[in-house]
Amino acid sequence: LQKKKNLGLPYAVLHSGYSGLLLIVLAAALCCYTGKILIACLYEENEDGQLIRVRDTYEDIANACCKKLSPNLGGIVVNVTQVVELIMTCILYKKKKRNLLSHSFPYVPVTEKTWSVIAFVTLLPCIFIRTLKIVSKLSQLCSLVHFVIILVVITYCLTQMHQWSWAKFRLSLEFEDFLISVGVIKKKKTSQIFLPTLEGNMKKKKKIRCMLNWTHFFACILKTTFALTAFLTWGEKTKEKKKKNLPSFLETLVNLCLKKKKILSYPLPFFAATEIEKKKNSKGNHSSYRSPLVALAVRGSFLLLTLLMAMFTPHFALLMGLSGSVTGAAMTFLLPSVFHLKLKWKKLSFLEKCADISVFILGFLCSLAGIVCSIKGLFEVFG
């Protein structure tokens with residue numbers, strides 16, 4: 001759940017100082033809260049006051065909220081938002097895989113598009129993944145590799161404690177720098193997409209709240225420690241890509257781990273996106289989709305689509321920031337709070353209603369800030 005990239009967090013602290021550390025803590029708390037209220041939307045009380053799971057997916061929650069307007073309107077909006085977010089994530093992983101290959105073999109006379117094709121070939125086995133169990137195993141390996149990367153960086157930083165200076169932290173803060181930090185930190189939080197499926201596959205569903213509390217707590221501690229130690233080590237020299245701050249031998253090790261991580265990161269959003277398409281078609285008269293060959297062709301087409309977009313989309317980072325500011329904020333902050341208010345309004349206390357409204361407002365402001373920064377960047381790029 002908490003395997004999202006955080007190598008850019010020291011860069012966020014560079015721009016925001018102490019407020020960056022507070023943002024990391026606040027983001028973890030808000031995501032933990034929205035995860036809980038999203039799970040709560042899956043349940044309703046029966047006549048005996050017992051909670052019964054009456055919905056299975058994010059789509060079901062959206063349809064329940066919008067059923068007076070249209071039975072399927074909410075599900076369509078959520079599915080489109082999810083697919084856009086997942087596709088952009090897949091493209092991002094593929095581009096980073098290509099860049100890692102390119103930087104690892106700088107003397108090989110190969111173009112970036114060729115590296116993209118090579119990265120595409122390494123990801124071809126993803127089209128044969130048919131169960132969530134395989135994806136979960138790959139995600140566990142991804143988390144392990146990610147932990148190794150963070151451990152290597154933190155260990156190196158601890159060996160440089162004699163150079164640390166708390167004077168490097170800024171108390172003053174410029175608004176534009178603050179927005180940069182918000183964007184970097186917000187990009188790490190998109191796990192709500194997978195929560196309904198995760199909770200549905202848990203043997204002890206009542207422990208989901210405990211799991212969310214502990215995973216977000218430990219992730220927050222790890223990220224805060226990483227961001228703090230890395231910034232104290234490099235200060236103003238902190239780069240957005242943390243591996244570029246490391247000595248050459250550690251950079252090689254981190255690069256090797258990152259290559260493995262990019263391969264292991266791809267199956268989760270890829271599988272989730274193709275499953276959404278599969279479920280949508282299985283509800284209609286598309287019985288041919290149940291054929292293994294047709295399903296394989298659809299997954300292959302999706303993989304090819306992400307390759308083409310990774311190769312030919314200009315200024316992808318800015319487009320990713322723009323789409324993420326809309327889809328990421330919607331899935332993580334806006335929709336869970338709106339759905340919770342809609343479905344549970346009569347049973348919520350005054351403080352719970354205030355909490356949901358506050359989360360919505362904060363999410364909206366973060367989304368608006370990200371959109372403004374991305375559009376500004378696009379205007380600068382296109383002159």
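Criteria and thresholds
- Residues numbered from 1 in each chain as written.
- Predicted model: local features only at pLDDT ≥ 70, side-chain atom pairs only at ≥ 80, totals over all residues.
- Heavy atoms only, no water.
- UniProt positions renumbered as here; feature names shortened; annotations may be inferred.
- Helix = DSSP H or I, 4+ residues; strand = E, 2+ residues; numbered from the N terminus.
- Contact = heavy atoms within 4.5 Å.
- Axes fitted to C-alpha atoms, helices over the stretch in contact; angles between N-to-C directions.
- Parallel < 35°, antiparallel > 145°, perpendicular 65-115°, else oblique.
- Left-handed = near helix turned anticlockwise from the far one by under 90°.
- Nonpolar A, V, L, I, M, F, W, Y, C, P; charged D, E, K, R; others polar.
- Buried < 20%, exposed > 50% of the residue type's maximum accessible area, 1.4 Å probe, protein only.
- Disulfide = S-S within 2.5 Å.

Going by what an unreviewed UniProt entry lists, the protein is known as Vesicular inhibitory amino acid transporter and is assigned to Pteruthius melanotis. Regarding the protein, the relevant UniProt record gives this comment under Sequence similarities (unreviewed entry): "Belongs to the amino acid/polyamine transporter 2 family."

Focus: the environment of L334
Topologically, L334 is positioned in helix α13 (residues 316-344). Residues contacting L334, with those up to four places away along its chain left out, are A329, F360, G363 and F364.

Brief notes about the packing of helix α5 (residues 112-122) against helix α12 (residues 292-312)
Contact pair α5 / α12: the axes reach a minimum separation of 10 Å and the direction vectors enclose 160°. The pairing of α5 with α12 is recorded here as roughly antiparallel in orientation. In the packing of α5 onto α12, the handedness of the crossing is right-handed. Contact with α5, carried on its side by K113, S116, V117 and F120, involves L303, L304, L307, M311 and F312 of α12 and no other residues of that element. Class assignment for the residues of the contact of α5 with α12 results in seven nonpolar, one polar and one charged.

Considering helix α3 (residues 58-65)
Of all eight residues that make up α3, seven are buried, and the element is covered over most of its length. The set of residues buried in α3 consists of Y58, E59, I61, A62, N63, A64 and C65.

Considerations on the state of the cysteines
The tally for this structure, following the rule as stated, stands at zero disulfides. With no disulfide partner, C66 has as its closest neighbouring cysteine sulfur the one in C65, 6.1 Å distant.

A look at the UniProt feature "transmembrane region" (unreviewed entry) in the protein
In the numbering used here, UniProt assigns the "transmembrane region" (unreviewed entry) feature to residues 114-132, 144-164, 214-234, 293-312, 318-339 and 359-379. Each end of residues 144-164 is marked by a C-alpha atom, and these two atoms are 28 Å apart; helix forms 71% of the span and strand 0%. Note that residues 293-312 is 100% helix and 0% strand, and that its end C-alpha atoms are spaced 28 Å apart.

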